[in-house]
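Below, each chain spelled out in residue letters.
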Amino acid sequence: MEDFSLNHLKELEAEAIFVMREVAAQFENPCLLFSGGKDSIVMAYLAKKAFFPARIPFPFLHIDTGHNFVEALEFRDQLVSELGVKLVVGSVQESIDSGKAVEESGYNASRNKLQTGTLLDAIETNKFDAALGGGRRDEEKARAKERFFSHRDEFGQWDPKNQRPELWHLFNGKKHIGEHFRVFPISNWTEMDVWQYIYQENITLPSLYYTHQRECFFRDGQWLAYAPFMKLKPNEKVEVHTVRCRTIGDITCTGLTLSHADTIEEIITEIAATRVTERGSRADDKRSEAAMEDRKKEGYF
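Procedures and definitions
Residues numbered from 1 in each chain as written. Predicted model: local features only at pLDDT ≥ 70, side-chain atom pairs only at ≥ 80, totals over all residues. Heavy atoms only, no water. Helix = DSSP H or I, 4+ residues; strand = E, 2+ residues; numbered from the N terminus. Rg over C-alpha atoms; globule rule 2.2 N^0.38 Å. Contact = heavy atoms within 4.5 Å. Areas by Shrake-Rupley, 256 points an atom, 1.4 Å probe, with all protein chains shown as cover. Lys, Arg positive; Asp, Glu negative; His and termini not counted. Charge placed at Lys NZ, Arg CZ, Asp CG, Glu CD. Axes fitted to C-alpha atoms, helices over the stretch in contact; angles between N-to-C directions. Parallel < 35°, antiparallel > 145°, perpendicular 65-115°, else oblique. Left-handed = near helix turned anticlockwise from the far one by under 90°. Nonpolar A, V, L, I, M, F, W, Y, C, P; charged D, E, K, R; others polar. Buried < 20%, exposed > 50% of the residue type's maximum accessible area, 1.4 Å probe, protein only. Domains from an automatic or database assignment. Salt bridge = Lys/Arg side-chain N within 4 Å of Asp/Glu carboxyl O. Core = buried A, V, L, I, M, F, W, Y, C linked by side-chain atoms within 4.5 Å. Pairing = 2+ DSSP bridges.

A.B. asks: Can you explain the overall build of the chain? Please cite residues and give values.
C.D. replies: Looking only at helices and strands, one finds eight helices and 10 strands in the chain. In terms of overall dimensions, the chain is globule-like: its C-alpha atoms have a radius of gyration of 19 Å, near the 19 Å expected for 301 residues. For the chain, the spread of C-alpha atoms along the principal axes amounts to about 55 × 55 × 35 Å. Taking the intrachain contacts of the chain between residues at least 6 apart in sequence as the baseline, contacts between residues at least 24 apart amount to 73%. Taken as a whole, the chain presents about 14,600 Å² of accessible surface, with 52% of it coming from carbon and sulfur. When the 39 positive and 48 negative side-chain charges of the chain are each reduced to one mean point, those points stand 3 Å apart.

A.B. asks: Tell me about the packing of helix 2 (residues 38-51) against helix 6 (residues 191-201), and please be specific about residues and values.
C.D. replies: Where helix 2 meets helix 6, the axes come as close as 11 Å, and the angle between the chain directions of the two elements is 55 degrees. Taken together, the axes of helix 2 and helix 6 lie oblique to each other. The hand of the helix 2/helix 6 crossing is left-handed. Here helix 2 contributes K38, D39, V42, Y45, L46 and K49 to the contact with helix 6, which in turn contributes E191, V194, W195, Y197, I198 and E201. In the contact of helix 2 with helix 6, the residues fall into seven nonpolar, no polar and five charged.

A.B. asks: Before we move on, could you go through helix 5 (residues 115-125) and cite the residues and values that matter?
C.D. replies: Q115, T116, T118, L119, L120, A122 and I123 are the residues of helix 5 that are buried. Count one or two residues on from helix 5 and you reach K127, which has phi positive near 60 degrees.

A.B. asks: Summarise the side chain of T65; cite the residues concerned and give the values.
C.D. replies: Topologically, T65 is positioned in the loop between strand 2 (60-64) and helix 3 (70-83). In this structure T65 touches V92, R111, Q115 and D250, once residues within four positions along its chain are discounted.

A.B. asks: Could you give me a rundown of the domain arrangement of the chain, with the residues and numbers involved?
C.D. replies: Domains assigned within the chain are domain 1 (8-193 + 290-298) and domain 2 (206-284). When each unit is reduced to the centre of its C-alpha atoms, the spacing between domain 1 and domain 2 is 24 Å. Between domain 1 and domain 2, the contact holds 28 residues from the first and 28 residues from the second. As a salt-bridge pair, R214 and E71 come within 2.8 Å of each other at their nearest N and O atoms. Breaking the side of domain 1 that touches domain 2 down by element, the ones donating at least two residues are helix 2, helix 3, helix 6 and helix 8 (291-298).

A.B. asks: Mind laying out the nonpolar core, listing which residues take part and the relevant values?
C.D. replies: The biggest cluster of nonpolar side chains holds 63 residues, and the ones touching the most others in it are M20, L32, L46, F60, F149, W189 and W195. The greatest single-element share of this core, amounting to eight residues, is contributed by helix 2. Counting contributing residues per domain, this core is built from domain 1 (8-193 + 290-298) and domain 2 (206-284), each supplying no fewer than three. Residues in contact with M20, not counting those within four places in the same chain, are L32, M43, L46, A47, A50, F51, L132 and P185. The next biggest cluster of nonpolar side chains, apart from the first, holds 14 residues, and it includes V88, V92, L114 and A131.

A.B. asks: Kindly report on the pairing of strand 5 (residues 149-152), identifying the contributing residues and their values.
C.D. replies: The two faces of strand 5 match: F149 and H151 on one face and S150 and R152 on the other face are all buried. Taken together, the four bridges between strand 5 and strand 6 (residues 180-183) define a ladder with antiparallel strand orientation. Bridged to S150 within strand 6 is R182.

Here is the structure:
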């Protein structure tokens, strides 16, 4: 069983590296979308392997909502320094200040959706023609429709009915001026694959993924991290619990898991036993039945 798992991960790794090299070969100015989450960290690790001993030949692009976890930002800065890559940051706060985005109000206010306009601006400003992302098909039904090479029109929009066939790993990166591609090298990975690969390769992660004490409050069936800019309902109170993050995004929509898992082995055991999907802890996916697909059509990751 152990040998089978090892071979399975090697196949997934080889596939992802092949896709990354195809991007470097076909596109003039690609970038890697980096959030500080485990999937983008694995992507960074794979990129390092794909082009070693040379440096990673494209910059990292991070869309900063202004409401990110401090731990994720500190980890991001440390990693790009170690890898020697250029970091491009798109600021949602700057989009708000310039009038390109409107801050949400109310109890469920979040900047997560506002990332879309900032991302498209960053792609256009920097003339990126491909953006590598850590999306996986097992995460959510809208992502299950993605190809490895996901074509976006001149407005950055995604049309699920206009995806190009990918036979025998032949990828068509041809596009018109103004269009670009989102590319997902770890599309075929599952959440368990990611964690087993992190364990196998001894990849360092932000402390958020391990058990820790944090102020949080309970809303709509899940625990959310508390921050001063979040508005509590009258019946909600801030409590300190032992938690960890299963997936990391904007603080306002990142659900927390009550957990004492402080090693990769314990996290893998915990995930194997759970019946809640990874994106099931993301409040932004619960805004509507088709929340993810609607955002993707608008140009979201």
